[in-house]
Structures are given as C-alpha cells and as structure tokens.
Amino acid sequence: MTDYKFEGWMGLDAESAKGNMVWQEYEPKPWEETDVDIKVTNSGICGSDLHTLRSGWGQTPYPCVVGHEIVGVAVRVGSKAEGGIKVGDVVGVGAQSDSCLGRDGPCNECSHDAENYCTKVINTYASVHRNGGKGYGGYGLYHRCPSHFVIKIPDGLAPEYAAPMLCGGVTVYSPLRHFGAGPGKKVAVAGVGGLGHFAVLFAKALGADEVVGISRKASKKQEALDLGCDDYIATEDDKDWGKHNARRFDLIISTISSEKMPLSSYIDTLRLDGTLVQVGAPEGPVPLNIFSIIPGRRRIAGSGIGSPKEIREMFQLAVDKKIKPWVEKRPMKDANQAIVDLEDGKARFRYVLQN
C-alpha cells in the first residue's frame, strides 16, 4: 500500500482526443521489486498521444491514460531496481516500459542495447505488463515503471527540456546517430515541428555540415532558421523543389505523419547511397514510386524511439552542447485544452504538462 493515489486524465473513447479526457483514479500495474514509483512533475505531449486517444493506429484498449515523456521524482524504489536509482532522484520514462530483457532466453535485440526493437516490447501506456497489469501514462500524478526503463536526469538538464526528449528527442537522435549525421554530411529534416525541431537541434549538435528544413509553408522559414537551419525549402512555393534540390542530401529524417507526404520527391533529393529515415507514423498507406529508389542506390529506413543507452547518450549531448528545445509549459489541469491546441498546430514546438 502507498499513501498516494494514482490519478490522471483518462481517455474513455475516441472522443477523448477532442479534449474530452476525464480525471479519474486508476489501479497501476501490480508492484514488483524491480519497479520505481515516480511523482510526476512534467509530462510532454506527443503526437502519439493523440493517435492513441482516437484509435488512429488501431483500437485503443480504453480506458487509457496517455503520456510517455514523463519526468518526476522517485518516491518508491524496489529492492531489485536497476540503475542505482534512489528515492528523491529526478528520473524519466519514455515510450517503452519493458521488453523481454532475455527473460525468455537470449534475445539479440536486448543483448545489444536495442531493447526498443525487442519483439516483446511493452509500451508505457495502452499496454499490458508481464504480470498482467495495465500500463498507464504520465498525464497524472504518479507513474509506475520497471526500473530498467527509468532514466536518471543528469544535472544541468531542466526537467521541462528532458521530458519531450524522452520520446520526441530520442526518436530523431537515434537515427541521426545510427546513420552518421556528423561532419561532412548534409542532413534534411522533413517537417519542422515537434519531432523535426529536435532533429535540427541534434543534427547541428552532432556537427553536420548542413542542416536544411523542409516544410510546406514559407511561414515557418524564420522559425527554422532561428532553430539553426542553414537553409529552408517551402514545398508549396516550388512545385519542382525535388528536382531543384536533386542529390543534395546524405540523410533525410522524415517526421511527416500524413499519408499525403511527397515521399518520392524527398527521395529525389538524396545523393548516391543516401538514406531517408521515416520516423513519422501515418495512420494509412503512403504511395511510393519505386523508381525513385533504384537510381542512386538509395535506401528507405525506419526507426522507432530509442534504447535506454541512447537516451542517456542524448541527455549527455544535450548537457554538453547546452541544447534547449522549444517548449511551452502548460498546467496539468489544462491537459484537454493542450491536446486540442496541439492538434490545431499551435505548439512551438512541444507542450509540457506540469504538476
């Protein structure tokens, strides 16, 4: 028993995505001695929250508390917890709550610091834990998580900056590192929004020679340049932008989650052996002209969130390079209005709920 209650903003059906979440008490996953209880101070709002609330990626197991960019204070630490976490530590939890961790025999992914690609991933919310308990997210007062996926927040990184990095940040940091965004490379970021603005910040921090933002509207150009972009492409202003930027980039990070994305035009801008990494997750199929890949020996890759090791690396880079994401703090009590504002495109570039 604890002397605190697990309460949060509950999505009861698909209408909850329209700002109709309800504040309710709920029962967290049954306690295990490998767990950590966290008193939530900050919870980033991610586009995934909206997809889940409206069952955009498949039927959501309502009721559901979303939020997987969680930062807070450890208030209960199990006797078998990993990572040296102590009561009072400032810690965070991203989009993943558990994996097989080799419990069922050797797992290639978990044994190579790629737990986020384990075939038995358990998401932070809208999922069922190994002990049968349901996972609830961070739009609330407390969160319970297996300690392997609880990350200490380093000194020098503000909690409101750390929170959106736990999903939004690492979702682009991981492919930037994996595919070599560094000195000598030219990187484009398709979609300069919540995810894309992190991609710009991290690509610059990793030392890419050129970072270029790609979005539909010219109105975002100054924001992109203020973030650190060296150039900006407004696709609505130039119908032949793909041809005009042919073979320009080594790497493209696409954060676009619309089925109408101009995928073939993105690929046209890749150099020989260039790679487009898709991290945005559309709710439907995306058309692709295969002949945009064959010339130039180009690749399309996918990438999903990041491992605990990558999150720690990303946090250290953020401290070392003094990276400051663009966030707007919103009171936890205003969560319903905040998700409506996010859907309306008002965020510049991430909302973070605060208790």
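The residue numbering used here restarts from 1 in each chain and proceeds along that chain's sequence as written. Reporting of local features is limited, given that this is a predicted model, to residues whose pLDDT is at least 70; pairs of side-chain atoms are given and counted only at 80 or more, and all residues count toward the totals for whole chains, interfaces and linings. Side-chain measures were taken over the full set of non-hydrogen atoms in the model, leaving aside hydrogen atoms and water.

**With respect to the packing of aromatic side chains**
Thought 1: Only Phe, Tyr and Trp rings take part, Trp by its six-membered ring, and two of them pair if their centres are within 6.5 Å. Stacked means planes under 30 degrees apart, edge-to-face means over 60, and tilted covers everything else. Throughout the structure, instances matching the rule amount to ten aromatic pairs.
Thought 2: Look at Phe 198 and Phe 202: their rings are 6.0 Å apart centre to centre, the planes differ by 15 degrees, and that puts the pair in the stacked class. In this pair, Phe 198 and Phe 202 are both assigned in helix H3 (residues 194-205), four residues apart and thus about one turn of the helix distant. No difference in accessibility class separates Phe 198 from Phe 202, as the two residues are buried.
Thought 3: Ring pairs connect the aromatic residues Tyr 4, Phe 6, Tyr 26, Tyr 136 and Tyr 142, which therefore count as one cluster.
Thought 4: A cation sits over an aromatic face here: Arg 76 above Trp 31, 3.7 Å from the ring centre.
Thought 5: Charge over a ring is defined by NZ of Lys or CZ of Arg lying within 6 Å of the ring centre and within 35 degrees of the ring normal. Just above the ring of Tyr 351 sits the side chain of Arg 330; from NZ or CZ to the centre is 4.7 Å. Here a helix means four or more residues in a row that DSSP labels H or I, a strand means two or more in a row labelled E, and each is numbered from the N terminus. To sort residues, take the accessible area from a 1.4 Å probe on protein chains only and compare it with the maximum for the residue type: under 20% means buried, over 50% means exposed, and anything in between is partly exposed.

**A few points about the state of the cysteines**
Thought 1: Here, a disulfide means two cysteine sulfur atoms that sit within 2.5 Å of each other. According to the stated counting rule, one finds zero disulfides in the structure shown.
Thought 2: Cys 46 supplies the cysteine sulfur nearest to Cys 64, a cysteine that is in no disulfide, at a spacing of 13 Å.
Thought 3: In this structure Cys 64 comes out as buried when scored by relative accessible area, which is 1%.
Thought 4: No disulfide involves Cys 100; its sulfur sits 3.7 Å from that of Cys 107, the nearest cysteine.

**A few points about the sheet that holds strand S15 (residues 249-254)**
Thought 1: Between any two strands, at least two bridges found by DSSP are needed for them to pair. Read from one edge to the other, the open sheet built from six strands follows the order S14-S13-S12-S15-S16-S17, with strand pairing classed as parallel. Edge positions in the sheet fall to strand S14 (231-234) and strand S17 (299-302), since each has one partner strand and no second. This sheet shows a mean twist of 20 degrees between the axes of neighbouring strands, independent of strand direction.
Thought 2: Across five bridges, S15 lies against strand S16 (residues 270-278) in parallel orientation. Note on S16: the bridge partner recorded for Ile 253 is Val 277.
Thought 3: Pairs of residues are marked as contacts when any of their non-hydrogen atoms sit within 4.5 Å. Every axis corresponds to a line fitted to the C-alpha atoms, with the helix fit spanning only the stretch in contact, and the corresponding angles, defined between N-to-C directions, vary from 0 to 180 degrees. Packing against the sheet, helix H2 (residues 159-178) makes contact with strand S12 (186-190), S15 and S16, and its axis sits at approximately 160 degrees to S15.
Thought 4: Each of S12, strand S13 (210-215) and S15 is contacted by H3, which is oriented at about 165 degrees to S12, the strand it contacts most.

**Structural notes on helix H7 (residues 308-320)**
Thought 1: Taking 1.5 Å of rise per residue, 13 residues should cover 18 Å, and H7 covers 18 Å from first to last C-alpha, within 8% of that figure.
Thought 2: Those residues of H7 that sit buried are Pro 308, Glu 310, Ile 311, Met 314, Phe 315, Leu 317 and Ala 318.
Thought 3: Considering only its buried residues, H7 is in contact with strand S11 (150-152), H2 and H3. Expected helix span is computed as 1.5 Å times (number of residues minus one).

**Some details on the UniProt feature "domain: Enoyl reductase (ER)" (unreviewed entry) in the protein**
Thought 1: UniProt positions are given in the numbering used here, feature names are shortened, and annotations may be inferred rather than shown by experiment. Taking the UniProt record as the reference, the feature "domain: Enoyl reductase (ER)" (unreviewed entry) is found at residues 19-353.
Thought 2: Across residues 19-353, helical content stands at 23% and strand content at 26%; the span's end C-alpha atoms are separated by 14 Å.

**Some thoughts on the pattern of salt bridges**
Side chains that carry opposite charge are capable of pairing whenever their charged atoms lie near each other.
Thought 1: The salt bridge definition used is simple: a Lys or Arg side-chain nitrogen within 4 Å of an Asp or Glu carboxyl oxygen. Under the defined criterion, the tally for this structure stands at 23 salt bridges.
Thought 2: Residues participating in the shared-partner salt-bridge network are Lys 29, Glu 32 and Asp 35.

**A look at the side chain of Thr 255**
Thought 1: Along the chain, Thr 255 turns up in the loop between S15 and helix H6 (263-268).
Thought 2: Classification of Thr 255 by relative accessible area gives buried; the value is 12%.
Thought 3: Polar contact is the term for a pair of N or O atoms within 3.5 Å; when the atoms are in protein, one must be able to donate a hydrogen and the other to accept it, and sequence-neighboring residues count only if both atoms are side-chain atoms. Within the local environment of Thr 255, its side chain forms a polar contact with the backbone oxygen of Ala 190, the two atoms lying 2.9 Å apart.
Thought 4: Within the structure, the side chain of Thr 255 is placed 3.0 Å from the backbone oxygen of Gly 191, a separation counted as a polar contact.

**What about unusual backbone geometry?**
Note on backbone geometry: most residues besides glycine have negative phi, and most peptide bonds are trans.
Thought 1: With an omega of -5 degrees, the peptide bond running from Tyr 62 to Pro 63 counts as cis.
Thought 2: Secondary-structure assignment places Pro 63 in the loop between helix H1 (47-53) and strand S4 (70-77).
Thought 3: With an omega of 0 degrees, the peptide bond running from Arg 348 to Phe 349 counts as cis.
Thought 4: Looking at where Phe 349 falls in the secondary structure, it is placed in the loop between helix H8 (335-343) and strand S19 (350-354).
Thought 5: The phi angle at Ser 55 is positive, at roughly 60 degrees, despite the residue not being glycine.
Thought 6: Mapping Ser 55 onto the fold places it in the loop between H1 and S4.

**Some points on the environment of Ala 126**
Thought 1: With respect to the secondary-structure elements, Ala 126 resides in the loop between strand S7 (122-123) and strand S8 (127-128).
Thought 2: Separated by 61 residues in sequence, Ala 126 and Val 65 place their C-alpha atoms 7.6 Å apart.
Thought 3: In this view, Ala 126 contacts Thr 52, Pro 61, Cys 64 and Gly 135; residues no more than four positions away in its chain are not counted.

**Brief notes about the nonpolar core**
Thought 1: The criterion is simple. A nonpolar core is a set of buried Ala, Val, Leu, Ile, Met, Phe, Trp, Tyr and Cys residues joined through side-chain atoms within 4.5 Å. Met 165, Leu 176, Phe 202 and Phe 315 are the most contacted members of the largest nonpolar core, which has 46 residues in total.
Thought 2: Mapped by element, the contributors of at least two residues to this core are H2, S12, H3, helix H4 (221-227), S14, S15 and H7.
Thought 3: Ranked by residue count, the leading element in this core is H2, at nine residues.
Thought 4: Note: domain ranges come from an automatic or database domain assignment. Each of domain 1 (7-167 + 326-354) and domain 2 (169-302) contributes no fewer than three residues to this core.

**Some points on the packing of H2 against H7**
Thought 1: One can describe the packing of H2 onto H7 by two numbers: an axis separation of 9 Å at closest approach and a directional angle of 100 degrees. The angle between H2 and H7 falls in the class roughly perpendicular. Residues Ala 162, Met 165, Leu 166, Gly 169, Val 170, Tyr 173, Ser 174 and Arg 177 of H2 touch H7, and the partners they reach there are Glu 310, Ile 311, Glu 313, Met 314, Phe 315, Leu 317 and Ala 318. Each angle is binned into one of four classes, with values under 35 degrees roughly parallel, values over 145 roughly antiparallel, values of 65 to 115 roughly perpendicular, and all other values oblique.

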